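Next come the chains, spelled out residue by residue.
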Amino acid sequence: MSAPKPGQPVSDLRAFIELLRQDGDIVEVDTPVDPYLELAEVHKRVIGPALLFKKVKGSDLPVVTNLFGSRRRVERAFGTRPLEFVERVARLPQDLLPPTLGKLWARRDLLGQGLKLGMKRRAHGPITQVIEDPALSRLPLLHCHKDDGGAFITLPLVYTEHPDHHTHNLGMYRVQRHDETTTGIHWQIGKGGGFHHHFAEQRGQALPITVFVGGPPALILSAIAPLPEDVPELLLASLLLGEKIDRVDNPVGPHPLIARAELALVGQVPPHVRRPEGPFGDHYGYYSLQHDYPIIQVHKVCRRRDAIWPATIVAKPRQEDYWIGEYLQQLLSPLFPVVMPGVQDLWSYGETGFHSLGAAVVQERYGREAMQHAFRILGEGQLSLTKFLIVVDQPQDLRDFRALLTHALARFHPETDLTIIGSLCLDTLDYTGPQVNRGSRGVLLGVGDAWRDLPQEFSGSLPQGIRHAVAFCPGCLALSAPTHADQPDLAQRLLDAFPDWPLVVLLDDAPRACAEQARFLWTVFTRFEPAADIHSHTALVHNLVVHHGTVFIDARMKASYPAELFCDPDTRALVDERWSQYFPGGGVEMGDGDWDGVLAPTG
């Protein structure tokens, strides 16, 4: 199979593997590997290439992982054309006004590209080479962490249609194997497939469902994109590919099949049926707990004759979802000012699981306009799940969080620039709130001119029990404090202890958290909930809570939080012992696994 031309997206999984072979960026593992814990740990420990496991115990299908484990591989998968196309489309409202024939003619190629988008029906495709009864234990689903509730499909492309108007949703929702013919379907709040099931269930109807595995990498990106509810994901996938998506008739179900997918589970979601799902290690770096979710009754499996099973590992950042999310934000960023006028730049931090922290550069043309833009962001699709939002009105590199926070704190007035909104929904996988799917939002403004000089480092004596004081950045002091279980009210008792610092963060281990930006982001923003864990002197003024003085964030682990993800010692020892068997030629660096994800190379 020939690889795509430079800058062009790849047409399917096989073309991508071939491209990585030509780049020397994939390693084939001939040693038999167990999908229970072992394969996932090898993946987490590898620093560098994609991996093709050719002999997976219990299955005839090879498994390929780490396909998107670096910025370079993501760019190779999707090419530069989508970025260039979106940038040009975003400029159209300005470039075409006032419209003239000359301007329209100069951009006629955009119309030609637009005509290539959509779906195309073909008579045959490799996805229907084999059609068989389900035997899900023969598929190489991964069991990634010791306390996971079972094995699950880690890169599922879940396709459903609205029961009334048949608009589709393609999403990536966890699919846990329950038995040979049944899986779970982890539809979180605000997800399109879940809405389809809701409508069908209200009528007592089963919802047809198709779970694809593999195919054009563009499907993966479109499945996780935070698109408005009625925007079809397959249209975005077609845009990324630069051509129409090939589909074939489905001989065993109502949905057309993606012609170049590797495998498809065809079945239905029955109404009013729930089974326990989880717990599972997730991309926040902790276990999500067990809850009841709908099930999929799998009727048939369609697949290629020589199907390859793509998989990923969900664990502490940065994993593959980080690099995909980074590319997705780059792709969509030119559209932010079009969709949300006044929002000039926007970034969600993958180190925090994306939803825990966002930052924006907005226009502040009149007093408090920045807060208006903050509300707009927090009301926009998946962005509405952003737990904490930092807003500035001057151009900043939002990826440089130290510099951003310094800039904001120099302009921050706690009396007017800290807003906490309670009794809202929270991302299902964020357990910092009082109950699942419930929590609060926080907004911190740093607009206008700097009005104070920020302290650079701490000097002086520490309050009793505080072990370390580390400046993460000018104006932000991190403290190693006693555990939250031992001193839950510590933040309130320290409100006057650091009057020169606008922001103080309580941590279990401040030096470790502050050693690297990624660790600070992960440690702090996945371990606090604004309404419960932000502390300051407050006053009630006309029903408005006004903050004064130093603001504290209590980001210590709480007794109610799920456990942090770590590799179990037995699996770690096994992988250590077998490393030379996996890679007999050497040349593949072995990382720590538990923390190297957070500090992964950016190449």
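One can find the structure itself at the top, above this paragraph.
Since we're looking at a predicted model, the values are computed, not measured. (Residues numbered from 1 in each chain as written. Predicted model: local features only at pLDDT ≥ 70, side-chain atom pairs only at ≥ 80, totals over all residues. Heavy atoms only, no water.)

Got a minute to help me understand the pairing of strand β30 (residues 534-541) in this structure?
Along a regular strand, successive side chains alternate from one face of the sheet to the other. As paired strands, β30 and strand β31 (residues 544-554) are joined by seven bridges and run antiparallel to one another. Within β31, the residue paired with H537 across the bridge is H548. (Pairing = 2+ DSSP bridges. Helix = DSSP H or I, 4+ residues; strand = E, 2+ residues; numbered from the N terminus.)

Whenever I open this one, the packing of helix α3 (residues 71-78) against helix α10 (residues 320-332) confuses me. Can you help?
For any two helices packed against each other, one specifies the crossing angle of their axes together with the interaxial distance. Following both chains from N to C, one finds α3 and α10 inclined at 55 degrees, their axes separated by 9 Å at the closest point. Here α10 runs oblique to α3, going by the angle between their axes. The crossing of α3 and α10 is right-handed. Contact residues: R71, V74 and F78 in α3; W323, I324, E326 and Y327 in α10. Among the residues making up the contact of α3 with α10, the classes are represented as five nonpolar, no polar and two charged. (Axes fitted to C-alpha atoms, helices over the stretch in contact; angles between N-to-C directions. Parallel < 35°, antiparallel > 145°, perpendicular 65-115°, else oblique. Left-handed = near helix turned anticlockwise from the far one by under 90°. Contact = heavy atoms within 4.5 Å. Nonpolar A, V, L, I, M, F, W, Y, C, P; charged D, E, K, R; others polar.)

Is there a simple way to explain helix α2 (residues 38-45) in this structure?
An α-helix turns once per 3.6 residues; consequently, residues spaced three or four apart project the same way. Of all eight residues making up α2, eight are buried, and the element is well covered by its neighbours. Those residues of α2 not exposed but buried are E38, L39, A40, E41, V42, H43, K44 and R45. Buried residues along α2 sit against β2 (46-47), β3 (50-53), β4 (63-65), α10, α19 (569-582) and β32 (589-590). (Buried < 20%, exposed > 50% of the residue type's maximum accessible area, 1.4 Å probe, protein only.)

In this structure, what is going on with unusual backbone geometry? I would like to understand it.
Residues other than glycine predominantly adopt negative phi, and peptide bonds predominantly adopt the trans conformation. A cis amide bond links G278 to the next residue, P279, at an omega of 0 degrees. Its location among the elements puts P279 in the loop between β16 (275-277) and β17 (280-281). Between P317 and the following residue, R318, the backbone shows a cis peptide bond with an omega angle of 5 degrees. Relative to the elements of secondary structure, R318 occurs in the loop between β21 (309-310) and α10. In this structure, F354 takes a positive phi of about 75 degrees despite not being glycine. For F354, the location among the structural elements is in the loop between β22 (343-348) and β23 (357-362).

Any chance you could explain the sheet that holds strand β14 (residues 257-258) here in plain terms?
Within a beta sheet, neighbouring strands are joined by backbone hydrogen bonds and run either parallel or antiparallel to one another. Read across the open sheet, the three strands follow the order β5-β13-β14; overall the sheet is mixed. Here the strands that pair on one side only, and so sit at the sheet edges, are β5 (119-122) and β14. Here β5 pairs with strand β13 (residues 245-248) via four bridges, running parallel. In the sheet register, R121 faces β13, and the bridge partner there is R247. Of the strands in this sheet, β5, β13 and β14 are in contact with helix α9 (residues 233-241), which crosses β13 at around 130 degrees.

What is the right way to read the packing of helix α8 (residues 217-224) against α9 from this model?
It is the contact of α8 with α9, at a shortest axis distance of 8 Å, that shows an interaxial angle of 135 degrees. Classified by the angle their axes make, α8 and α9 are oblique. Between α8 and α9 lies a crossing whose hand is right-handed. Of the residues in α9, those touching α8 at A218, L219, L221 and S222 are E233, L234, L236, A237, L240 and L241.

Which parts of the structure should I look at to understand the sheet that holds β23?
Reading across the sheet, the five strands line up as β22-β23-β24-β26-β25 and stay open at both edges, with mixed pairing between neighbours. Two strands close off the open sheet at either side, each with one partner strand: β22 and β25 (418-425). Taking each pair of neighbouring strands and ignoring which way they run, the sheet shows an average axis angle of 20 degrees. Taken together, the five bridges between strand β24 (residues 388-392) and strand β26 (residues 438-446) define a ladder with parallel strand orientation.

For this particular structure, what's the right way to read the pairing of β31?
With four bridges joining them, strand β29 (residues 503-507) and β31 adopt parallel strand pairing. Each residue of the ladder has a partner; that of V505, found in β31, is I553. Count of turn residues in the β30/β31 antiparallel hairpin: two residues, of which H542 carries a positive phi of about 50 degrees.

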